[in-house]
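# Understanding the architecture of this molecule
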Amino acid sequence: MQPILYSFRRCPYAMRARLAIAVSQQTVRLREIVLKHKPKELLAISPNKTIPVLQLNDNSDNSVLDESLEIMVWALSKNDPEQWLNADLEKMLALIDINDYEFKAWLDKYKYADRYPENSPTYYRQQAEDFIALLETHLIKQQYLFSNNITLADMAIFPFIRQFASVDKPWFEQTGYNNVKLWLNKLIESDIFTHCMKKYPTWLVSGEEITFP
Ligand SMILES: N[C@@H](CCC(=O)N[C@@H](CS)C(=O)NCC(=O)O)C(=O)O
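Residues numbered from 1 in each chain as written. Predicted model: local features only at pLDDT ≥ 70, side-chain atom pairs only at ≥ 80, totals over all residues. Heavy atoms only, no water.

On inspection of all chains with the given rule, the structure shows 12 aromatic pairs. Relative to Tyr123, the ring of Trp106 has its centre 6.1 Å away and its plane inclined at 85 degrees; by these criteria the two rings are edge-to-face. Taken together, the positions of Trp106 in helix H4 (residues 89-111) and Tyr123 in helix H5 (residues 121-141) put the pair 17 residues apart, joining distant regions of the chain. On the basis of relative accessible area, Tyr123 is assigned to the partly exposed category, the value being 30%. The structure contains a cluster of three or more aromatic residues connected by ring pairs, namely Phe103, Tyr110, Phe131, Phe164, Trp171 and Phe172. The lysine or arginine in question, Arg115, covers the ring of Tyr112, its NZ or CZ lying 4.0 Å from the ring centre. Lying over the aromatic face of Tyr144, Lys186 brings its terminal NZ or CZ to 4.7 Å of the ring centre. (Phe/Tyr/Trp six-rings, centres within 6.5 Å; stacked < 30°, edge-to-face > 60°. Helix = DSSP H or I, 4+ residues; strand = E, 2+ residues; numbered from the N terminus. Buried < 20%, exposed > 50% of the residue type's maximum accessible area, 1.4 Å probe, protein only. Lys NZ or Arg CZ within 6 Å of the ring centre and 35° of its normal.)

Tracing the sequence through the fold places Gln143 in the loop between H5 and helix H6 (152-167). Of the residues examined, Gln143 reaches a relative accessible area of 44% and is grouped as partly exposed. Separated by 23 residues in sequence, Gln143 and Ser166 have C-alpha atoms that sit 22 Å apart. Not counting residues up to four positions away in its chain, the partners in contact with Gln143 are Asn148, Trp183 and Lys186. Side chain to side chain, Gln143 and Lys186 meet in a polar contact 3.3 Å long. (Contact = heavy atoms within 4.5 Å. Polar contact = N/O pair within 3.5 Å; in protein donor to acceptor, adjacent residues only side chain to side chain.)

With that out of the way, let us pick up the packing of helix H1 (residues 12-23) against helix H3 (residues 68-78). Direction vectors running N to C along H1 and H3 enclose 5 degrees, while the axes themselves pass 8 Å from each other. Taken together, the axis directions place H1 and H3 in an arrangement best described as roughly parallel. Seen from H1, the contacting residues are Tyr13, Arg16, Ala17, Ala20, Ile21 and Val23; seen from H3, they are Ser68, Leu69, Ile71, Met72, Ala75 and Leu76. (Axes fitted to C-alpha atoms, helices over the stretch in contact; angles between N-to-C directions. Parallel < 35°, antiparallel > 145°, perpendicular 65-115°, else oblique.)

With that out of the way, let us pick up the sheet that holds strand S1 (residues 4-7). Sheets are built from strands that pair by backbone hydrogen bonding, the pairs being arranged parallel or antiparallel. If you trace the five strands from one edge of the open sheet to the other, you get S4-S3-S1-S2-S5, paired in mixed fashion. Each edge of the open sheet is held by one strand with a lone partner, namely strand S4 (64-65) and strand S5 (210-212). Relative to strand S2 (residues 28-32), S1 is paired through four bridges, and the arrangement is parallel. Across the sheet, the residue bridging to Leu5 is Leu30, located in S2. Those strands touched by H1 are S1, S2, strand S3 (53-55) and S5, and its axis lies near 145 degrees from that of S1. (Pairing = 2+ DSSP bridges.)

Attention now moves to H6. In the structure, H6 departs most strongly from a straight axis at Phe158, where the bend amounts to approximately 35 degrees and where the proline Pro159 lies between one and four residues downstream. Among the 16 residues in H6, 13 count as buried, and that is most of the element. (Bend = angle between axes of the 7 residues up to and from the residue.)

Every residue lining the ligand is accounted for by Cys11, Tyr13, Leu35, Lys38, Lys49, Thr50, Ile51, Pro52, Asp66, Glu67 and Ser68. Between an oxygen atom of the ligand and a main-chain N or O atom of Ile51, the distance comes to 2.8 Å. In this structure, a nitrogen atom belonging to the ligand sits 2.7 Å away from a side-chain N or O atom of Glu67. With the chains in place, 72% of the 520 Å² that the ligand exposes on its own is no longer accessible. (Near = heavy atom within 4 Å. Areas by Shrake-Rupley, 256 points an atom, 1.4 Å probe, with all protein chains shown as cover.)

Below you can see the structure in the form of structure tokens.
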């Protein structure tokens with residue numbers, strides 16, 4: 001049986017999982033969910049209770065992968081036609097770690113600054129900006145974060161930078177992070193991302209599993 005991917009279109013962690021599944025051409029049955037109404041089938045297999053979750057359903061392997069990065073690495077280990085793993089894995093994971101555990105927290109506060117009135121939105125933006133400046137130093141040297149080709153790090157990180165940019169687009173556009181802006185636009189406009197952002201009916205409502213990609 002094909003693996004089942006529990007996904008949520010707008011979740012950046014689910015985006016990175018879908019991107020890796022798409023590039024590696026691993027066929028999954030996608031169940032689009034709503035975060036507020038997680039299906040019992042998902043809650044039964046995932047103590048983490050976060051999205052995305054991949055249920056392997058293999059004869060020899062019934063594992064459940066409930067971390068987006070695990071799903072990416074699983075897919076790319078099966079097939080990596082565009083060589084997303086062709087860079088220093090340790091360095092890529094270190095940068096992704098900063099994204100997931102430092103930048104993401106500031107991004108959430110910047111996005112939802114009204115929920116964190118102890119500081120101003122500008123303060124939260126400035127904290128998050130450290131990471132944008134770090135990405136700019138990578139992108140001055142080459143087109144993508146670790147080489148002139150897309151790697152795991154680009155695809156794991158850009159869905160979060162897309163969110164950051166869209167909080168205040170005019171502000172982001174007037175910043176000096178020119179290489180980040182170019183990089184982000186290229187990735188947002190890429191065919192693979194467009195495909196991964198297609199809208200699907202919610203599985204709980206429609207009962208419809210989508211064959212993805
Ligand atoms: N470390 C997890 C984080 C995933 C995550 O936090 N996903 C969010 C959605 S974007 C979620 O499911 N939050 C739980 C909720 O909102 O109920 C991963 O990389 O997969």
